Amino acid sequence: MVGRRQVNTVSGSVTVQNSTPYTVTINGSTYNFTSDGTATAIEIIAGLDTAVGSSPVGVTFTDNLDGTFTVGPTVVGTPWSFRASPNITLANATPTESYADAEVAMNEDNGTWYALFTDTHVQADVVALSNVIVAQRKIFGTSSQDAAVITTGTTDVAAVLSAASAGRTYGVYLPTADTEYPEAAWAGSQLAYTPGSNDWDFKRAVGVTVSKLSDTARVNLRNKNMNMYTRVGGVNIFQDGNMFDASPIDEVIGIDWLYARLQEGIYFRLINSLKIPMTNPGLVIVENEIRSVLSQAEANGLIDRGWNVTTPDVLDIPENMRAARTAGVFKFNARLAGSIRRIQITGCLLYTSDAADDSLR
């Protein structure tokens, strides 16, 4: 899904070609003009202006009479769309909508997306987006090539987001971040896997230039919960797979998956039943949906075995809740399976002639 920011004016000019079609599309409607054998820019723009006429409701196309045009919504701030053929060059005016406001508008229009990536790494934009995403059950990936990130500084984007414990935002330091967008490459390599089945740590990516970092830089990045893409043991990998509050990225995704599947399972039962009675057998129907989702979570590797579900007795549900047709509180307990990232080994090497000695040789 691609979101947009509001732009109230677009300027255009043309590449002059004889006997060539020129096309603009406004709010989904297409308008055409074909140049003659002695074309000029002024003639082409005038032809497009005539083709468009007054047809687009809420959008104004203006011939500037100098071989250029401007187009925009009649009422500033009104949603609109504009496209043009490759022989027309367009220039957007400065957007009048912030990235954070654009995200909110996009989510309200269609909230079925999960991971957010943007074309901006400007600190103020990133922090604002992180503040918005934290209130949603989604995640936001960003990156930075700011050299201050690998220092002990406290005002760079990583330091600010880490200090805020931005638990739904993750970041990557990369000297080429503004052209390679490693946050998106990393997500592209991992989001396809079933939540619970993968850890984002120790993972490779395509199209990302590896960082050469000193030990001090690595320590500083980890102190800010900023991930990195480095060469370890001859392999280029992402480290450490955490959000800015130090939560593992895969754990946040897994919990969101569990939340969504529980909602879906119970909603499916509600809309496909004549009714679920407010009785103990009715409550068991809900319990079974919860158990089904938890069983899948266990199979995916998100939770370990030994989980349990507690279902309320209908007579223990307060009368006001039953009158409001609210089925009490169901509870479950489960242990996140997590993953292994660090391993400690203790060994003993000895010279010995005792064949029965169990020490490591």
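Residues numbered from 1 in each chain as written. Predicted model: local features only at pLDDT ≥ 70, side-chain atom pairs only at ≥ 80, totals over all residues. Heavy atoms only, no water.

Novice: Just to check I follow, could you spell out the overall build of the protein for this structure?
Specialist: In terms of helices and strands, the protein carries ten helices and 14 strands. For 361 residues, the compact-globule estimate of 2.2 N^0.38 gives 21 Å, and the protein exceeds it by more than 25% at 29 Å. Principal-axis analysis of the C-alpha atoms gives the protein an extent of 100 × 70 × 35 Å. For the protein, the proportion of contacts with a sequence separation of at least 24, taken over those separated by at least 6, is 62%. Total accessible area on the protein is roughly 19,900 Å²; 53% of this is exposed by carbon and sulfur atoms. The protein carries 25 positive and 36 negative side-chain charges, and their two centres are separated by 8 Å. (Helix = DSSP H or I, 4+ residues; strand = E, 2+ residues; numbered from the N terminus. Rg over C-alpha atoms; globule rule 2.2 N^0.38 Å. Contact = heavy atoms within 4.5 Å. Areas by Shrake-Rupley, 256 points an atom, 1.4 Å probe, with all protein chains shown as cover. Lys, Arg positive; Asp, Glu negative; His and termini not counted. Charge placed at Lys NZ, Arg CZ, Asp CG, Glu CD.)

Novice: Sorry, what's going on with the sheet that holds strand S6 (residues 82-84) here?
Specialist: The strands that make up a sheet pair up through hydrogen bonds in the backbone, lying either parallel or antiparallel. Taken together, the three strands give an open sheet; going across it, the order is S3-S2-S6, and neighbouring strands pair in antiparallel fashion. Whereas interior strands pair on both sides, the edge strands pair on one side only; in this sheet they are strand S3 (29-34) and S6. Taken over all neighbouring pairs, the strand axes of this sheet differ in orientation by 15° on average, direction set aside. Sheet topology places strand S2 (residues 21-26) next to S6; three bridges connect them, and they run antiparallel. Bridge assignment links Ile26 to a residue of S6, and that residue is Phe82. The sheet contacts of helix H1 (residues 41-52) involve S2 and S3, and relative to S3 the element is tilted by about 140°. (Pairing = 2+ DSSP bridges. Axes fitted to C-alpha atoms, helices over the stretch in contact; angles between N-to-C directions.)

Novice: What is the right way to look at the environment of Arg305 in this model?
Specialist: Assignment of secondary structure puts Arg305 in the loop between helix H9 (280-300) and strand S13 (308-310). Between the C-alpha atoms of Arg305 and Pro95, which are 210 residues apart in sequence, the distance is 52 Å.

Novice: For this particular structure, what's the right way to read the sheet that holds strand S11 (residues 227-232)?
Specialist: An order of S8-S9-S10-S11-S12 is seen for the five strands of this open sheet, with the pairing classed as mixed. The open sheet is flanked by strand S8 (115-116) and strand S12 (235-239), the only strands paired with a single partner. Where S8 lies against strand S9 (residues 139-144), two bridges are found, and the strand directions are parallel. Paired with Leu116 across the strands is Phe140, a residue of S9. Seen against the sheet, helix H6 (residues 182-190) touches S9, strand S10 (169-173), S11 and S12 and runs at an angle of roughly 115° to S10.

Novice: Honestly, the side chain of Asn87 in this entry has me stumped. Any pointers?
Specialist: By the secondary structure assignment, Asn87 is in the loop between S6 and strand S7 (88-92). Residue classification places Asn87 among the buried positions, given a relative accessible area of 10%. Within the local environment of Asn87, its side chain forms a polar contact with the side chain of Ser85, the two groups lying 2.6 Å apart. What Asn87 contacts, discounting residues up to four positions off in sequence, is Ser13, Val14, Thr15, Gln17, Thr20, Pro21 and Tyr22. (Buried < 20%, exposed > 50% of the residue type's maximum accessible area, 1.4 Å probe, protein only. Polar contact = N/O pair within 3.5 Å; in protein donor to acceptor, adjacent residues only side chain to side chain.)

Novice: When you look at the packing of helix H2 (residues 99-109) against helix H3 (residues 123-133) in this model, what are you seeing that I'm missing?
Specialist: Geometrically, a packed helix pair is captured by the angle between its two axes and the distance between the axes. Taken N-terminus to C-terminus, the directions of H2 and H3 make an angle of 30°; their axes are 8 Å apart at the nearest point. H3 is crossed by H2, and the crossing has right-handed handedness. Residues Tyr99, Ala100, Glu103 and Val104 of H2 form the contact with H3, whose participating residues are Asp125, Ala128, Leu129, Val132 and Ile133. Of the residues assigned to the contact of H2 with H3, the class counts are seven nonpolar, no polar and two charged. (Left-handed = near helix turned anticlockwise from the far one by under 90°. Nonpolar A, V, L, I, M, F, W, Y, C, P; charged D, E, K, R; others polar.)

Novice: Hey, could you run me through the packing of aromatic side chains in this one?
Specialist: Given two aromatic rings, one states the distance between the centres and the angle between the planes to describe the pair. According to the stated counting rule, one finds eight aromatic pairs in the structure shown. Relative to Phe69, the ring of Phe61 has its centre 4.8 Å away and its plane inclined at 20°; by these criteria the two rings are stacked. On the accessibility criterion, Phe61 (9% relative accessible area) is buried. Using a relative accessible area of 0% as the deciding quantity, one classes Phe69 as buried. The structure contains a cluster of three or more aromatic residues connected by ring pairs, namely Tyr170, Trp186, Trp200, Tyr229 and Phe238. It is Arg5 that lies over the ring of Tyr99; its NZ or CZ is 3.9 Å from the centre. (Phe/Tyr/Trp six-rings, centres within 6.5 Å; stacked < 30°, edge-to-face > 60°. Lys NZ or Arg CZ within 6 Å of the ring centre and 35° of its normal.)

Novice: I tried to follow the pairing of strand S4 (residues 59-63) on my own but got confused; where do I start?
Specialist: For a regular strand, side-chain orientation follows a simple rule: the groups alternate between the two sheet faces. The alternating pattern of S4 places Val59, Phe61 and Asp63 on a buried face, while none of Thr60 and Thr62, on the opposite face, is buried. Counting the residues in the hairpin turn of S4 and strand S5 (residues 68-73) gives four residues, including Leu65, whose phi is positive at 65°.

Novice: Would you explain unusual backbone geometry in this entry?
Specialist: Excluding glycine, a negative phi dihedral is what most residues carry, and trans is how most peptide bonds are arranged. The step from Gln239 to Asp240 runs through a cis peptide bond, and the omega angle for that step is 10°. In this structure, Asp240 sits in the loop between S12 and helix H8 (249-271). Positive phi values are uncommon outside glycine, yet Asn27 reaches one of about 50°. Structurally, the position occupied by Asn27 is in the loop between S2 and S3. By relative accessible area, Asn27 is classed as partly exposed at 36%. At Ala246, a position not held by glycine, the phi torsion is positive, near 75°. Mapped onto the fold, Ala246 is located in the loop between S12 and H8.

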